[in-house]
Structures are given as structure tokens and as C-alpha cells.
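# Chains, contacts and geometry: an overview
Letter by letter, the chains look like this.
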Amino acid sequence: MSKVVMVGSKTTKESHTMVFSGATVDEVADKVALFMAGRGYRLESGTKEQGVYGRGSAGAHMMLGPLARRQKYNITIVTEGENVAVVLAKGMSGIGGGLLSAHKVKKELQEIISGLQETILS
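What you see is a predicted model; the values in this text were computed from it and never measured.

### A short note on the packing of aromatic side chains
For the structure on display, the rule yields one aromatic pair. Geometrically, the ring pair formed by Y41 and Y73 is edge-to-face, given 5.9 Å between the ring centres and 70 degrees between the ring planes. Taken as a pair, Y41 in the loop between α1 (25-38) and β3 (42-46) and Y73 in strand β5 (residues 71-80) lie far apart in primary sequence, 32 residues in all.

### Digging into the sheet that holds β5
As summarised here, the arrangement of the six strands in space is β1-β2-β6-β5-β4-β3, forming an open sheet in which the pairing is antiparallel. The open sheet terminates on both sides in strands that have one partner only, identified here as β1 (5-11) and β3. Averaged over all adjacent pairs, the angle separating strand axes in this sheet is 25 degrees, with direction ignored. Here strand β2 (residues 15-21) runs beside strand β6 (residues 83-90); their pairing, made up of six bridges, is antiparallel. Note on β6: the bridge partner recorded for V19 is A85.

### A look at α1
With 14 residues, α1 extends 20 Å from end C-alpha to end C-alpha; this agrees with the ideal 20 Å at 1.5 Å per step. Within α1, burial applies to V25, V28, A29, K31, V32, A33, F35 and M36. One or two positions beyond α1, positive phi appears at G40, with a value near 95 degrees.

### Brief notes about the pattern of salt bridges
Taken as a whole, this structure holds five salt bridges when the rule is applied. A salt bridge links D30 to K48; its shortest N-O distance comes to 2.3 Å. Taken together, the positions of D30 in helix α1 and K48 in the loop between β3 and β4 (50-55) put the pair 18 residues apart, joining distant regions of the chain. Note that R42 and E44 form a salt bridge whose closest N and O atoms lie 3.7 Å from each other. When its relative accessible area of 46% is taken as the criterion, R42 is described as partly exposed. Linked by salt bridges that have partners in common, R39, R55, E108 and E111 make up one network.

Analysis parameters
- Residues numbered from 1 in each chain as written.
- Predicted model: local features only at pLDDT ≥ 70, side-chain atom pairs only at ≥ 80, totals over all residues.
- Heavy atoms only, no water.
- Phe/Tyr/Trp six-rings, centres within 6.5 Å; stacked < 30°, edge-to-face > 60°.
- Helix = DSSP H or I, 4+ residues; strand = E, 2+ residues; numbered from the N terminus.
- Pairing = 2+ DSSP bridges.
- Axes fitted to C-alpha atoms, helices over the stretch in contact; angles between N-to-C directions.
- Expected span 1.5 Å × (residues − 1).
- Buried < 20%, exposed > 50% of the residue type's maximum accessible area, 1.4 Å probe, protein only.
- Salt bridge = Lys/Arg side-chain N within 4 Å of Asp/Glu carboxyl O.

See below:
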């Protein structure tokens, strides 16, 4: 892998897109999978290139609501011209658990964005 450079990013209310040059989709997907595993997430469905990463129990979340530690993110990694785009989207809003849960989801999203940037660029 050559020197990886971040060439752009875009944020919407529900997702964040980061665009990198100097890497392939497979190389970026491997780094994303390792980073997410390090944070306690597992690939629940899909592939490394387009999958749902989650941590915590969905069943416990249904029964206990905001008391259960459940988070889920959709990650898509695609070729965008000569670059690779990583799209990170919330898999759940946290609204059902009130303001505290929504704040936790927002904070975790920001930590994942920062961590992914650092991991992919290293």
C-alpha cells in the first residue's frame, strides 16, 4: 500500500463519508474491520465492504431499552473514481432511550470517525 491520504469528507445528519487515495477497497476494508473489532464490534451482517457492525445484544436492547449497551453502524466501502470512500452511518438513533442514549450514539459516532481516519491513514 502506498501513502494513504484523506482527500475529502462529508457529514450529514445520519452519516459521515471519508474519501482516501492511495489504497484499495480491500486494504481499507481490512483496516476498518480490525478497528471495529478493537472497539468491540462484530460484523453482524453483510461483508467487510458493505456490512452492519454492532456490539451488545439486540435481545437485551429490546427488553431493557436504554439500559442495554447496544450500538450498531452501517459501513460501506466503495471505489469512487481513483479513490476509496468509507461511508459510516448510524444503524440506530438512540432516540428510543432518550437524550442520554442519543448523546451516547452521537459521541460514539465521533470517536469511530476519528479512530477510522487515524487507522486508515497509518
